[in-house]
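Observations on the model geometry
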Amino acid sequence: MLSHVSGLACVRCGKVYRAGAHFTCPDCGPDEGILDVRYDLERAAETLTRRSLRRRSRSQWRYRELLPLDETHCPRDGLVGWSPLIDTPRLAQVLGVGRLRLKDDTRNPSGSFKDRASAVGVLHALQTGASEIACASTGNAASSLACCAAAAGLHANIFVSRRIPEGKLAQLLAYGARVFRVDGSYADAYALSTQACARFGWYNRNCAVNPYLVEGKKTCGLEIAEQCADDPPDWVVCSVGDGCSIAGVYKGLAEMKALGVVAWTAHLLGVQAAGVAPLAAEFEHAADRHAAFPAKHASDTYADSINVPVPRNRRKALDAVRASDGAFVTVTDEQIMEAVRQAGSLAGVFAEPAAAAAVAGIAEARTRGILDEHASVVAIITGNGLKDIAGALRAVGVPHDISPRIRDISRIVAGGA
Ligand SMILES: *Cc1c(COP(=O)(O)O)cnc(C)c1O
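What this report covers is the structure whose coordinates are included nearby. Note that the coordinates shown come from a computational prediction; the quantities given were computed from them, not determined experimentally.

**Describing the nonpolar core**
- Within the largest apolar cluster, 40 residues are counted, with the highest numbers of intra-cluster contacts made by Leu100, Leu102, Ile362 and Val377.
- Broken down by secondary-structure element, the contributors of at least two residues to this core are helix 4 (89–95), strand 5 (99–104), strand 10 (235–239), strand 11 (267–273), strand 12 (327–331), helix 13 (333–347), helix 14 (353–367) and strand 13 (376–381).
- Ignoring anything within four residues of it in the chain, the contact list for valine 377 reads Val97, Arg99, Leu100, Arg101, Pro233, Trp235, Val237, Ile362 and Leu371.
- Ranked by size, the runner-up nonpolar core spans 38 residues in total, among them Tyr63, Leu279, Leu318 and Val321.

**Observations regarding the environment of aspartate 105**
- Mapping aspartate 105 onto the fold places it in the loop between strand 5 and helix 5 (115–127).
- On a C-alpha basis, the gap between aspartate 105 and cysteine 28 in space is 34 Å, while along the polypeptide they are 77 residues apart.
- When near neighbours in sequence (up to four residues on either side) are disregarded, aspartate 105 contacts Ser83, Gly111, Ser112, Phe113, Arg116, Cys220, Ile381 and Thr382.
- Within polar-contact distance, the side chain of aspartate 105 engages the side chain of asparagine 108 at 2.8 Å.

**Concerning the layout of surface pockets**
- If you add up the space inside the largest pocket, you get close to 430 Å³.
- If you trace the largest pocket, you find 24 residues lining it, with Ser161, Arg163, Tyr186, Ser299 and Asn307 closest to the centre.
- Of all the secondary-structure elements, those providing two or more residues to the lining of the largest pocket are helix 8 (186–200) and helix 15 (389–396).
- Grouping the amino acids of the lining of the largest pocket by side-chain chemistry returns 10 nonpolar, eight polar and six charged.

**Examining a nonpolar patch on the surface**
- A contiguous nonpolar patch, built from Phe350, Leu386, Ile389, Leu393 and Val396 and spanning about 450 Å² of accessible area, is present on the exposed surface.
- Classification of phenylalanine 350 as partly exposed rests on a relative accessible area of 34%.

**Side note on the pairing of strand 5**
- Most of strand 5 sits inside the fold, with five of its six residues counted as buried.
- In terms of strand pairing, strand 4 (residues 85–87) meets strand 5 through three bridges, oriented antiparallel. From the neighbouring strand, isoleucine 86 faces strand 5, where its bridge partner is leucine 102.
- Sheet topology note: the strand 5/strand 13 ladder contains six bridges and is parallel. The residue of strand 13 that forms the bridge with aspartate 104 is isoleucine 381.

**Some remarks on the packing of helix 6 (residues 140–152) against helix 7 (residues 166–174)**
- The contact between helix 6 and helix 7 brings their axes to 8 Å, and the two run at 20 degrees. Overall, the two elements helix 6 and helix 7 adopt an arrangement that is roughly parallel. Both helix 6 and helix 7 take part in a crossing whose hand is left-handed. Taken together, the residues of helix 7 that come into contact with helix 6 (itself represented by Asn140, Ala142, Ser143 and Ala146) are Lys168, Gln171 and Leu172.
- Residues that form the contact of helix 6 with helix 7 fall into these classes: three nonpolar, three polar and one charged.

**So, the site of the ligand**
- Taken together, the neighbourhood of the ligand is formed by 16 residues, with Lys114, Asn140, Gly241, Gly243 and Thr382 sitting nearest.
- Residue lysine 114 places a side-chain N or O atom 2.7 Å away from an oxygen atom belonging to the ligand.
- The separation between an oxygen atom of the ligand and a polar side-chain atom of serine 245 is 2.8 Å.
- Relative to its unbound accessible area of 370 Å², the ligand is 98% covered by the protein chains.
- A majority-of-atoms criterion places the ligand in the largest cavity.
- Of the residues assigned to the shell around the ligand, the class counts are four nonpolar, eight polar and four charged.

**Here we look at the packing of aromatic side chains**
- Applying the stated criterion to the full structure yields five aromatic pairs.
- With 5.9 Å between their ring centres and 90 degrees between their planes, phenylalanine 23 and tyrosine 203 make a pair best called edge-to-face. Taken as a pair, phenylalanine 23 in the loop between strand 2 (16–17) and helix 1 (29–32) and tyrosine 203 in strand 9 (residues 203–204) lie far apart in primary sequence, 180 residues in all.
- For phenylalanine 23, a relative accessible area of 28% puts it in the partly exposed group.
- Clustering of aromatic rings is evident, with ring pairs tying together Phe23, Tyr203 and Tyr212.
- Looking at arginine 62, its charged tip hangs above the ring of tryptophan 82, at a distance of 4.1 Å from the centre.
- A cation over a ring is seen here: arginine 312 above tyrosine 190, with NZ or CZ 4.1 Å from the ring centre.

**Details of empty space enclosed by the protein**
- All told, the structure shown has three cavities of 30 Å³ or more when counted by the stated rule.
- Approximately 330 Å³ is the volume attributed to the largest cavity.
- Lining the largest cavity are 31 residues; nearest its centre among them are Lys114, Lys217, Asp242, Ser245 and Ser305.
- Counting residues per element, the ones that place at least two in the lining of the largest cavity are strand 6 (132–137), helix 6, helix 8, strand 10 and helix 10 (244–258).
- For the lining of the largest cavity, the leading source of residues is strand 6, giving three residues.

**Side note on the environment of glycine 98**
- The topology assignment puts glycine 98 in the loop between helix 4 and strand 5.
- A C-alpha to C-alpha distance of 9.8 Å links glycine 98 and leucine 371, two positions 273 residues apart in sequence.
- Ignoring sequence-local partners within four residues, the contact set of glycine 98 consists of Glu373, His374 and Ala375.

Procedures and definitions
- Residues numbered from 1 in each chain as written.
- Predicted model: local features only at pLDDT ≥ 70, side-chain atom pairs only at ≥ 80, totals over all residues.
- Heavy atoms only, no water.
- Core = buried A, V, L, I, M, F, W, Y, C linked by side-chain atoms within 4.5 Å.
- Buried < 20%, exposed > 50% of the residue type's maximum accessible area, 1.4 Å probe, protein only.
- Helix = DSSP H or I, 4+ residues; strand = E, 2+ residues; numbered from the N terminus.
- Contact = heavy atoms within 4.5 Å.
- Polar contact = N/O pair within 3.5 Å; in protein donor to acceptor, adjacent residues only side chain to side chain.
- 1 Å grid on protein atoms, 1.4 Å probe; cavity = no way out; pocket = protein on both sides within 12 Å on 5 of 7 lines; lining within 4 Å.
- Points joined across faces, edges and corners; volume = space filled by probe spheres on them.
- Nonpolar A, V, L, I, M, F, W, Y, C, P; charged D, E, K, R; others polar.
- Patch = residues over 30% accessible without salt bridge, like charges linked within 9 Å, V, L, I, M, F, W, Y side chains within 5 Å.
- Areas by Shrake-Rupley, 256 points an atom, 1.4 Å probe, with all protein chains shown as cover.
- Salt bridge = Lys/Arg side-chain N within 4 Å of Asp/Glu carboxyl O.
- Pairing = 2+ DSSP bridges.
- Axes fitted to C-alpha atoms, helices over the stretch in contact; angles between N-to-C directions.
- Parallel < 35°, antiparallel > 145°, perpendicular 65-115°, else oblique.
- Left-handed = near helix turned anticlockwise from the far one by under 90°.
- Near = heavy atom within 4 Å.
- Sits in = over half its atoms within 2 Å of the grid points.
- Phe/Tyr/Trp six-rings, centres within 6.5 Å; stacked < 30°, edge-to-face > 60°.
- Lys NZ or Arg CZ within 6 Å of the ring centre and 35° of its normal.

Okay, structure coming up:
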């Protein structure tokens, strides 16, 4: 029996399709006609309650009623999700907010938030009878897909651009994926992967066009709602590239409220890198909801995971931030590097640049008066710093090079460095 999915609605025209009919809306096309999975929430509310949740697995599979998987394909237990929420009073103080909790998604199997989506994608692919799966990625979606595919015994075909950091490339190869390193941008890799899926019949994991993947990302929002049930944050902060993550997080928060598990939702703060900020710009200019697909934007940031000049899930992301009465901010590479140091040294969390951007966004939102000094904030740490060592080293400085003599140490200690 299928899960509680009631249909898939086009985010542009609103038309509802039955599950399995299409990946994107045939009327609105693959760029604009992104579909959103809808559930029978009344039926889900019968079994998904605060009480029943207490007995379930500490993974994202605890929310089976809200996932697009049937009984035989939805695991009872697993390693993805249910990441810890870490209270960080020192970081909160330095950033000037009342309270800050970090949702540490670096602890997923391949080290990023993307595992939530890939795990659902791989199982959904198996459910539809696929034997090969493919995606284009700035890095994490790829390493995550390769990891989950290897665990499930599916072949993974991965399209990356030449700019992929070495740590992520090493993960791909270690997980045994077939890696196509495209001599071009992420946009080129994306277009090629779509063509290849059509040509070779591979299951397409690309997050925007595949509506089921956002359902995996949604579990982060479901978890935040559950973990903060009686102590809600005012704001949830998430860095934004394609926009699937923030859209999923919002959906998770909203569904938990609709089910009556919690009585609140939070404002969403989307953070983009100043050098690549098409969604922040569009939000700022309050563009018409039915405006055309955006023109090419600049693409310059060292936070590779959010270096996305043509965001594939633009409408879902903008709708989510608007519906939450939220905001967007942009942060410079210098602010991101500072946030890498702050998250590491004040909270013990080693974030990759795109993940640290969320922390940088809190400081920026304080400066701009979006957050006040009492604000209670949850920031999602979306990826592990070990994935991009070169990027991290640019932010964190150099060690003390010394000869093997205590004298050298004395000199440095005395100097207070
Ligand atoms: C993919 C990613 C994001 C942004 O998610 P989108 O769905 O592209 O907006 C943020 N941080 C990290 C580490 C990521 O890998």
